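Next come the chains, spelled out residue by residue.
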Amino acid sequence: MAEKFFFLMFAVVAVGSALAVISLKNPVHSALSLIACLLQVAAIFVLLRSPFLAVVQVFIYVGAVMVLFLFVVLVLNIKKAQLETFPKGRRWFAYAIVPVVGIEFLAVIFGKSFTATGYEAAVEEVKVATLGRALFTEYLFPFEVVSILLLAAMVGAIIMAKKRWD
Amino acid sequence: MLLSYLPVLMMIGFVTFLGVAVLFVSSLLRPQNPYGSKLSPWECGMEPVGDADIGHFRVHFFIIAILFIIFDVETLFLFPWAVILADKSISTLAFIEMFIFIGILAVGLIYAWGKGALDWL
């Protein structure tokens, strides 16, 4: 009961701040709203008994990804970005795609895939040791692939940015 | 179990409340008489020229932020690794695997260094 109250509190603030992200004109305000939204998602992860994921959410998203977003916003011209709205010609495309994605989400949520396969809510907290054991036994290969992925991201970012600073 | 996180939530709530309350109470108490020269930005006595928010920042900040994210993700993987190192049955394998992981990312760091991405111009 109390858990449901806390979930609703975090979910409402998350949806509200997500709406603020897309409706505020100033990109810095949007970025700050996104921080609020990601913090609520971290709180929901705690409610789902995954405290490690919650800390990672704050670490990576609020700590690192938002720093990147704010740097990109600062490199941009904020005055100009404020004046620019969504291009008129592409608006009909957005209006067309939103209901399709919305119906898709509702179909997944209310469809059988969530309930029939027996995903039960975790009762016990997921321990970091459990995660580590799974990572280094069952998911050893994907773990090593992650390092290649990160390497590719690093090299790609340097090559793209190098054109600008030369 | 979840109750142990309640103090964290209470602290966040209290700190947010305190921050808002300080701004609100001081807005009630302080004298308000703004005028032109008081509101203009002060730059060591110089007259300010142009705006600060038109993108004077270098693209270099972006590359530093990208490198920060990548090594942040690397440290995220170090946490579960450090916890299971006490387990004798998989510790040797995990130890070697993590050093391969760090080694691959070190290649990227050396690349960034070699390309001059770490130099501050």
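The structure displayed is predicted, hence computed values, not measured ones.

Conventions we followed
Residues numbered from 1 in each chain as written. Chains lettered and ligands numbered in written order. Predicted model: local features only at pLDDT ≥ 70, side-chain atom pairs only at ≥ 80, totals over all residues. Heavy atoms only, no water. Salt bridge = Lys/Arg side-chain N within 4 Å of Asp/Glu carboxyl O. Helix = DSSP H or I, 4+ residues; strand = E, 2+ residues; numbered from the N terminus. Buried < 20%, exposed > 50% of the residue type's maximum accessible area, 1.4 Å probe, protein only. pLDDT = per-residue confidence, 0-100. Domains from an automatic or database assignment. Contact = heavy atoms within 4.5 Å. Buried area = accessible area lost by both parts, 1.4 Å probe. Polar contact = N/O pair within 3.5 Å; in protein donor to acceptor, adjacent residues only side chain to side chain. Nonpolar A, V, L, I, M, F, W, Y, C, P; charged D, E, K, R; others polar. Axes fitted to C-alpha atoms, helices over the stretch in contact; angles between N-to-C directions. Parallel < 35°, antiparallel > 145°, perpendicular 65-115°, else oblique. Arc of directions from axis to C-beta. Core = buried A, V, L, I, M, F, W, Y, C linked by side-chain atoms within 4.5 Å. Expected span 1.5 Å × (residues − 1).

A. Quick peek at the pattern of salt bridges. Residues and elements named next belong to chain A. Going through the model one piece at a time under the given rule, you end up with 2 salt bridges over all chains. In this structure, the salt-bridge partner of Glu3 is Arg49, at a minimum N-O distance of 2.8 Å. Of the two residues, Glu3 is situated in helix H1 (residues 2–23) and Arg49 in the loop between helix H2 (27–47) and helix H3 (51–75); the sequence distance between them amounts to 46 residues. Classification of Glu3 by relative accessible area gives partly exposed; the value is 34%.

B. Layout of the confidence of the model for chain B. All names here are of chain B. In the predicted model, chain B carries a mean pLDDT of 86, and 94% of its residues have values of at least 70. Taken element by element, chain B is modelled with least confidence in helix H2 (residues 36–39), mean pLDDT 82, and with most confidence in helix H1 (residues 6–29), mean pLDDT 94. Interface confidence for the predicted complex, expressed as ipTM, amounts to 0.75; the pTM equals 0.78.

C. Representation of the domain arrangement of chain A in the model. Residues and elements named next belong to chain A. For chain A, the domain assignment lists domain 1 (2–126) and domain 2 (127–166). Between domain 1 and domain 2, the residue contacts involve 4 residues of the former and 4 residues of the latter. Where domain 1 abuts domain 2, roughly 370 Å² becomes buried across the two surfaces, and 69% of that area is made up of carbon and sulfur atoms. Remark: the boundary between domain 1 and domain 2 carries 0 salt bridges. Taken together, domain 1 and domain 2 are joined by 0 residue pairs in polar contact (both at pLDDT 80 or more). Broken down by class, the residue content of the side of domain 1 that touches domain 2 amounts to 3 nonpolar, no polar and 1 charged.

D. Expanded view of the environment of Val146 of chain A. If you trace the backbone, Val146 of chain A turns up in helix H8 (residues 140–165). On the accessibility criterion, Val146 of chain A (24% relative accessible area) is partly exposed. The contacts of Val146 of chain A, once residues within four sequence positions are left out, are Phe77 and Phe101 of chain B.

E. Quick look at the packing of H2 of chain A against H3 of chain A. Residue and element names in this part refer to chain A. Contact pair H2 / H3: the axes reach a minimum separation of 9 Å and the direction vectors enclose 170°. In this view, H2 runs roughly antiparallel relative to H3, as classed from their interaxial angle. Side by side, H2 and H3 meet where Pro27, Val28, Ala31, Leu34, Ile35, Leu38, Leu39, Val41, Ala42, Phe45 and Val46 of the first sit next to Leu53, Ala54, Gln57, Val58, Tyr61, Val62, Met66, Phe69, Leu70 and Val73 of the second.

F. Seen up close, helix H7 (residues 128–137) of chain A. Within the span of H7 of chain A, buried status applies to Gly132, Leu135 and Phe136 of chain A. Mapping the buried residues of H7 of chain A onto a view down its axis gives an arc of 85°, with all of them on the same face.

G. Region of interest: the side chain of Gln40 of chain A. Locating Gln40 of chain A in the fold gives a position in helix H2. For Gln40 of chain A, the contacting residues outside a window of four places in its chain are Phe10, Val13 and Ala14 of chain A.

H. Representation of the interface of chain B and chain A in the model. Taken together, the contacts link 53 residues of chain B with 50 residues of chain A. When chain B packs against chain A, close to 4600 Å² is buried across both sides, 82% of that on carbon and sulfur atoms. In this structure, the connection of chain B to chain A is made through 1 salt bridge. Close ionic contact of Asp87 of chain B with Arg133 of chain A constitutes a salt bridge, the shortest N to O distance being 3.1 Å. Connecting chain B to chain A are 1 residue pair in polar contact (both at pLDDT 80 or more). Elements with a minimum of two residues in the side of chain B that touches chain A: H1, helix H3 (60–84) and helix H4 (88–114) of chain B. The leading source of residues in the side of chain B that touches chain A is H3 of chain B, at 21 residues. A breakdown of the residues in the side of chain B that touches chain A according to their chemical character gives 40 nonpolar, 6 polar and 7 charged.

I. Representation of the nonpolar core. Counting residues in hydrophobic clusters, the biggest one holds 35 residues, and the most contacted among them are Phe136 and Phe143 of chain A together with Val73, Phe77, Met98 and Phe101 of chain B. Where this core is concerned, the elements lending two or more residues are H3, H7 and H8 of chain A together with H3 and H4 of chain B. If one sorts the elements of this core by residue count, H3 of chain B sits on top with 12 residues. The two domains that each donate at least three residues to this core are domain 1 (2–126) and domain 2 (127–166) of chain A. Each residue touching Phe143 of chain A, except ones within four places of it in the same chain, is listed here: Leu135 and Phe136 of chain A together with Phe77, Glu97, Met98 and Phe101 of chain B. Among the nonpolar cores identified, the runner-up in size contains 5 residues, and Ala31, Leu38, Val62 and Met66 of chain A belong to it.

J. Structural detail: H4 of chain B. Residues and elements named next belong to chain B. If you check H4, its first and last C-alpha atoms are 39 Å apart, about what 27 residues at 1.5 Å a residue would give, namely 39 Å. All of the buried residues along H4 are Ile90, Ser91, Ala94, Glu97, Met98, Phe101, Ile104, Leu105, Gly108 and Ala112. Two residues or fewer past H4, Gly116 is found with a positive phi of approximately 85°.

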